[in-house]
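One-letter residues, chain by chain:
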Amino acid sequence: SRAEACSVVIFGATGDLTHRKLVPALYNLAVDGELPPGVKIIGFARRDKSDAVFREGLAELNREVSRNGHDEAIWADFEQTVHYHQSEFTDLDGYKRLAERLDEIDRDRGGKGNRLFYIASAPEFFDEILENLKAAGLNQAADGCWARVIVEKPFGTDLPSAQHLNQVVNHTFEEKDTYRIDHYLGKETAQNIMVLRFANSIFEPLWNNQHIDQIQITCAEHLGMEGGRGGYYDKAGALRDMIQNHLLQLLSLVAMEPPTDLSADGVRDEKVKVLRSMRQWDTPELVNENVVRGQYAAGHVDGKSVVGYREEDRVDPESMTEAYVALRVMIDTWRWSGVPFYVRMGKRLPKKATEISIHFKSPPNVLFNAIPGAATGGNVLVIRIQPDEGISLRMVSKLPGASLRLEPVKMDFHYSTSFGKGSPEAYERLLLDAMAGDATLFARRDEVEEAWKFIDHIERAWHESSNAPEMAEYTAGSWGPKAADELLEKSGHTWRRL
Ligand code: BG6
């Protein structure tokens, strides 16, 4: 890869993301020999800690979550590159000390002053961190070097706050040095959507409203509000937490026109056009017709009983925050006119699975209409994003035997059997890309803002309108509220069973 040596400074280094995702990703890159030699990792956070204590905490989590296991010898080398820097996020002096420390590291490494700032703190500090980086001169790179920033989610909580954050980011770093992370774009199977569509010739001619009846995107999670997550989640909700970013990104990859090239702007120009073409559900009536929100009631998941959303730790007992959303998205373009995209996401569903299914129109019903099994429906192409990564195509076939009977069968591609090894974690790829200066798999300013514009109308109808659409209930461990089924039934569709 073209990733270059640099110092990676992680703000919010004592948090969950650093321990569960970022450092294990860097460690696994090191194991695979992908991490450029000379990368240093500096954890910036408020708590007082020594390097040794910081490293020990990281090792503990790495043992638990690392994709390639935890090799004590490799870790021992790796952890030498990890340091801790204690400072308040609001204390400019801490950033000046950081600048000195980075200069020292650069001198030791032989003068290469590349810096990658990763902002993974609580969101209320994003602005201040950026301002302080600028005040300490850390946003400027030395000659021939670069300074880049990765901004974690949530990127704002609505359009105005996202615009504000974009302003702060853009007056601190240039857009080309700004990497708004959406880890779904780093998933191997999400990257494969463009390849499936544009490196094969049999799908794209059918990829339009002439041949496609409807498209579904489902992201099911079995988790609820473990580990104190309710505090953040109850202020966000499913729509902000996952639809605004991850699922609308997947949708734009499925719906985009072929880009003119694979450059960051080539790809993102096409994605943003999709987001811009989404029909706006901008009245409470339209929201009512096209969007369903829900909360889980107590139930059973994975064989154990779990509490309802409002009983969760750090969730308001009268909360009006959704842990489930299902919506119909209409993309008003020549290609997609009339094709509904059904998108749903929920906590405490029966299992963890994300998939996209493309439902093709049924063939003319003239030959087999009197034959048993003929009504089983048309072709469905399923892109399994996770965890059982792969693609399957449903076809109708003759059931072997003397009489003519039809039955659906499946052609199935599994990453695990075809490639024989697990895919890298999304964060591995994204960190490498940022070190290489490739922003293709990161969200551009206009993408983020277009997505918020769409989301804001729905939030407004839910929280500010006097005839707000209601909050549906579903039992934890079920596939969501009845209203979500009804949303599709209106158009003669049903959710695919996962
Ligand atoms: C995060 C959300 O961005 O993505 C979480 O905040 C969600 O609520 C997570 O659980 C899902 O990521 P993944 O990669 O496990 O599907």
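Every value quoted in this text rests on a predicted model; they were computed, and no experiment measured them. (Residues numbered from 1 in each chain as written. Predicted model: local features only at pLDDT ≥ 70, side-chain atom pairs only at ≥ 80, totals over all residues. Heavy atoms only, no water.)

Describing empty space enclosed by the protein
- By the definition in use, this model includes one cavity of 30 Å³ or more.
- The computed volume of the largest cavity comes to approximately 160 Å³.
- Taken together, 16 residues make up the lining of the largest cavity; nearest its centre are Asp182, Gln244, Asn245, Ala443 and Val448.
- Looking at the lining of the largest cavity, the elements with two or more residues in it are α9 (238-255) and α14 (445-464). (1 Å grid on protein atoms, 1.4 Å probe; cavity = no way out; pocket = protein on both sides within 12 Å on 5 of 7 lines; lining within 4 Å. Points joined across faces, edges and corners; volume = space filled by probe spheres on them. Helix = DSSP H or I, 4+ residues; strand = E, 2+ residues; numbered from the N terminus.)

Considerations on the packing of helix α1 (residues 16-31) against helix α2 (residues 51-65)
- Running from amino to carboxyl end, α1 crosses α2 at an angle of 80 degrees, the nearest separation of the two axes being 9 Å. Relative to α2, the element α1 is oriented roughly perpendicular. Each of Thr18, His19, Arg20, Val23, Pro24 and Tyr27 in α1 lies in contact with α2, whose residues at this interface are Gly57, Leu58, Leu61, Asn62, Glu64 and Val65.
- Its residues assigned to classes, the contact of α1 with α2 shows six nonpolar, four polar and two charged. (Axes fitted to C-alpha atoms, helices over the stretch in contact; angles between N-to-C directions. Parallel < 35°, antiparallel > 145°, perpendicular 65-115°, else oblique. Contact = heavy atoms within 4.5 Å. Nonpolar A, V, L, I, M, F, W, Y, C, P; charged D, E, K, R; others polar.)

Considerations on the pairing of strand β13 (residues 353-360)
- Counting buried positions along β13 gives eight out of eight residues, so the element sits mostly inside the fold.
- Every second residue of β13 is oriented toward a common face, with Ala353, Glu355, Ser357 and His359 on one face and Thr354, Ile356, Ile358 and Phe360 on the other, all of them buried.
- Across eight bridges, the pairing between strand β7 (residues 212-220) and β13 is antiparallel. Following the sheet pairing, alanine 220 is matched in β13 by alanine 353.
- Two strands pair when backbone bridges link them, and β13 and strand β14 (residues 380-386) are joined in this way by six bridges, in the antiparallel orientation. Looking at β14, one finds that serine 357 is bridged to valine 382. (Buried < 20%, exposed > 50% of the residue type's maximum accessible area, 1.4 Å probe, protein only. Pairing = 2+ DSSP bridges.)

A word on the environment of glutamate 355
- Within the fold, glutamate 355 resides in strand β13.
- For glutamate 355, the residues in contact, after removing those within four places along its chain, are Gln216, Ile217, Thr218, Val382, Ile383, Arg384, Ile385, Arg496 and Leu498.
- Of the polar contacts made by the side chain of glutamate 355, one reaches the side chain of arginine 496; its length is 2.7 Å. (Polar contact = N/O pair within 3.5 Å; in protein donor to acceptor, adjacent residues only side chain to side chain.)

What to know about helix α4 (residues 92-109)
- With 18 residues, α4 extends 26 Å between its outermost C-alpha atoms, agreeing within 8% with the 26 Å of an ideal straight helix rising 1.5 Å per residue.
- All buried positions along α4 are accounted for by Gly94, Tyr95, Leu98, Ala99, Leu102, Ile105, Asp106 and Arg109. Looking straight down α4, one finds that the buried residues subtend no more than 145 degrees of arc, so they occupy a single side. Exposed residues on α4 whose side chains face more than 90 degrees from its buried face are Glu100, Arg107 and Asp108.
- Buried residues in α4 make contact with β1 (7-11), β2 (40-45), β3 (82-86), β4 (115-119) and α5 (126-135).
- Two residues or fewer past α4, glycine 110 is found with a positive phi of approximately 105 degrees. (Expected span 1.5 Å × (residues − 1). Arc of directions from axis to C-beta.)

Thoughts on unusual backbone geometry
- The amide bond that connects lysine 153 to the next residue, proline 154, takes the cis arrangement and shows omega of 0 degrees.
- Summarising the element assignment, proline 154 is placed in the loop between β5 (147-151) and α6 (159-172).
- Geometrically, the link from glutamine 386 to proline 387 is a cis peptide bond, its omega value of -5 degrees lying close to zero.
- Relative to the assigned elements, proline 387 resides in the loop between β14 and β15 (390-398).
- For aspartate 302, which is not glycine, the phi dihedral falls at a positive 50 degrees.
- Position of aspartate 302 relative to the elements: it lies in the loop between β9 (299-301) and β10 (304-306).

Topic: the sheet that holds β7
- The strand order β16-β15-β14-β13-β7-β12-β11-β8-β17 describes an open sheet built from nine strands, whose pairing is mixed. This sheet does not close on itself; its edge strands, each paired only once, are β16 (406-414) and β17 (471-475). This sheet shows a mean twist of 20 degrees between the axes of neighbouring strands, independent of strand direction.
- In this fold α9 packs onto β7, β11 (324-330), β12 (340-346), β13 and β14, with an angle of close to 145 degrees to the strand it touches most, β12.

Things to note about the pattern of salt bridges
- Enumeration over the complete set of coordinates arrives at 38 salt bridges.
- A salt bridge links arginine 67 to aspartate 32; its shortest N-O distance comes to 3.1 Å. Pair noted here: arginine 67 is in the loop between α2 and α3 (72-79) and aspartate 32 is in the loop between α1 and β2, with a separation of 35 residues, a long-range link.
- Across the pair glutamate 355 and arginine 496 runs a salt bridge, and its minimum N-O distance is 2.7 Å. Of this pair, glutamate 355 sits in strand β13 while arginine 496 sits in the segment after α15 (482-489), placing them 141 residues apart in sequence.
- Residue classification places glutamate 355 among the buried residues on the basis of a relative accessible area of 5%. (Salt bridge = Lys/Arg side-chain N within 4 Å of Asp/Glu carboxyl O.)

Details of the environment of alanine 298
- Secondary-structure assignment places alanine 298 in the loop between β8 (291-297) and β9.
- With a relative accessible area of 46%, alanine 298 lands in the partly exposed category.
- Residues alanine 298 and proline 123, spaced 175 residues apart in sequence, show a C-alpha to C-alpha distance of 31 Å.
- Once residues lying within four places of it in the same chain are set aside, the contact partners of alanine 298 are Val306, Val307, Gly308, Thr475 and Ala476.

Topic: the nonpolar core
- Of all hydrophobic cores here, the largest spans 146 residues; its most connected members are Phe11, Phe117, Ile243, Phe341 and Ile356.
- With 11 residues, the single largest contributor to this core is α9.
- When near neighbours in sequence (up to four residues on either side) are disregarded, phenylalanine 341 contacts Ile215, Leu251, Val254, Ala255, Leu327, Arg328, Val329, Ile331 and Trp336. (Core = buried A, V, L, I, M, F, W, Y, C linked by side-chain atoms within 4.5 Å.)

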